[in-house]
Structure formats: C-alpha cells, structure tokens
Amino acid sequence: SAFGLTAVSPWSGEGASAGTIAISVVIWLIVVQWLSSALGGYLAGRLRTKWVGVDRDEVFFRDTAHGFLAWAVATLLTVFLAVSAVSAVVSGGAKAVATVVSGGAQATMSSDSSGSSANPQEYFIDLLFRSDRSVVAAETRNYDPDADRGESLRILANGIVDGAIPESDKNYLAQMVASQTGMTQAEARARVDEVLQKADAAEQKIRAAADEARKAAMKFALFTFLSLIIGAFIASVAAAFGGSLRDDNERLHPTS
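Cut-offs used in this document
- Residues numbered from 1 in each chain as written.
- Predicted model: local features only at pLDDT ≥ 70, side-chain atom pairs only at ≥ 80, totals over all residues.
- Heavy atoms only, no water.
- pLDDT = per-residue confidence, 0-100.
- Helix = DSSP H or I, 4+ residues; strand = E, 2+ residues; numbered from the N terminus.
- Contact = heavy atoms within 4.5 Å.
- Core = buried A, V, L, I, M, F, W, Y, C linked by side-chain atoms within 4.5 Å.
- Buried < 20%, exposed > 50% of the residue type's maximum accessible area, 1.4 Å probe, protein only.
- Polar contact = N/O pair within 3.5 Å; in protein donor to acceptor, adjacent residues only side chain to side chain.

Enquirer: Describe the confidence of the model for the chain, with residues and values.
Expert: Taken as a whole, the chain shows an average pLDDT of 76; of its residues, 69% reach a score of 70 or greater. Across the chain, element-level confidence peaks in helix H8 (residues 185-252) with a mean pLDDT of 86 and bottoms out in helix H4 (residues 103-110) with 48. Considering only residues more than four positions removed or in separate chains, one finds that residues 107-118, a stretch of pLDDT under 50, has 17 contacts. Confidence over residues 132-138 falls short of pLDDT 50; this stretch has eight contacts with residues more than four positions distant or in other chains.

Rendered as structure tokens:
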C-alpha cells in the first residue's frame, strides 16, 4: 500500500514511472520473501524439541526439512496472492485486446435502429459522417443516416476480423460519406482513409498496452519464482542454524 501511494499521483507527470514501480515491487518482494523465510526457518529449528539418540547428519536433515516445510506453508499464501495479482494484470490486457478484436460481433448484436451502440468503433463512425458544411445537399436527405452508420460499423467489424478492409468496401464507405456530407468522392475517400488510419492506430495502441502488461506479468512471475526458490534455501539453512543453536544451548544448560 505504501509503495502504491507513493507511486501514484492525481497530477500529470508527478507519479513514479512504470519502470520505477516495477523495480520497487521486485526489490520489496525479494527482501520480504527472504527475511520472512529466514525468520520462519529459524523459528522452526529453534523451537523444536531435542532429538535423543539421533546422529548429527540426521538432525541436520530434519532441521532443513522443517525449515523447508515452514517455507512451503507460507508459500501457499504467497503464491495465492501473487497469482491473483498476475491474473488480474493478464486478464486486463486480454480483455482490452478482446474488446477490439470482437468489436464487430458485439456491434452487430448491440446496435439498434437508432444507431446507439456501446461499441468503441462508434466513435470512428461519427468521424466518418462529421460534416464540415452547414447545409447538406438536398438530395442527401433521402438517405437513412442510421442505416448507413450501421452498415459502416459492420464493414469496420468485418475488416477487424479479416485484418484489412477491401478496396471495394472503402470505396463504398466513401460513397456513403459523400452522400451525407456533401463532399466529393475524392474528399470522402480521403476522409475514409484518414479515419481508418486513426482506428488502426488506436487498435495498435491497445494491443501494445496489452503486450506490455503481458511482459510485466511474465517478468513478475519469473522474479517471484526465483525469489521463492532462494527463499526455500534460506529457510532450510536458517532452520538448521536455529536447531544447532538449540542443541548447543541444551548441552551448555542441560535441564534437570
């Protein structure tokens, strides 16, 4: 919580960068994991009862095993929390990409006759039919704007699924834009190309953000794995050390 509150800020440019936050989280994870492993292992060895008639090698093995078990129990909680955090990051990125890729299908199902839709592509449809002229030619008033918008949305959705919009569809979009805005065919086609480029740039930006989230989750998972493995070793060694101190104390101060 402290790292998060120091990293974020409501003012633009005032918070810590993503790299700084990532490094801070990794350092915090390693330090806490290793210190907690050392403490848990030491207590597991230090608080055990004395084993009578057991040679030193067996005592060492049992102490390290107890330290490893103490680490394993704590790791069940640690891994659960870590996996929950990573899953949230990955699912967030995956949903962002899925929203763009499946936009066409959602648009077809969610659009109604009034043209209202929750699909993000609707913004680009508005750009297509935004007119710079105060008066639209009289012959264009015979067209149904809602029908043209719905058909345009389906064309964009099909282009997302196929990976590209065919030239015939682009020309058809330009005809619809020209009919509603009063533009010439060349001007309408230029607008279609411009809007499609903006839509593609927005999609690529979302995909890039999702990919960055995937990479961050991957690095976090790798660092978590390495930290846990080293923590298991530290816990085992600390348990052996604590058990050794316990036996030494028993020899120096035997109970009556």
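Moving on from the model shown.
Enquirer: Can you explain the nonpolar core? Please cite residues and give values.
Expert: Leu 128, Val 177, Ala 188 and Val 192 are the most contacted members of the largest nonpolar core, which totals 18 residues. Among the secondary structure elements, those contributing two or more residues to this core are helix H5 (122-128), helix H6 (145-162), helix H7 (167-181) and H8. If we ignore the near neighbours within four places in the chain, the residues touching Val 192 are Leu 128, Lys 170, Leu 173, Ala 174 and Val 177.

Enquirer: So, the side chain of Asp 63: which residues are in play, and what are the values?
Expert: Within the element layout of this structure, Asp 63 appears in helix H3 (residues 56-101). Note on Asp 63: relative accessible area 2%, which makes it buried. A polar contact of 2.6 Å, which involves the side chain of Asp 63, links it to the side chain of Arg 48. Here Asp 63 is in contact with Gly 45, Arg 48, Trp 51, Ala 239, Ala 240, Gly 243 and Ser 244, once residues within four sequence places are set aside.

Enquirer: Quick one: what's the story with the environment of Phe 68, residue by residue and with numbers?
Expert: Topologically, Phe 68 is positioned in helix H3. Judged by relative accessible area, which is 40%, Phe 68 ranks as partly exposed. Apart from the residues lying within four places of it in its own chain, the contact partners of Phe 68 are Ala 232 and Ser 236.

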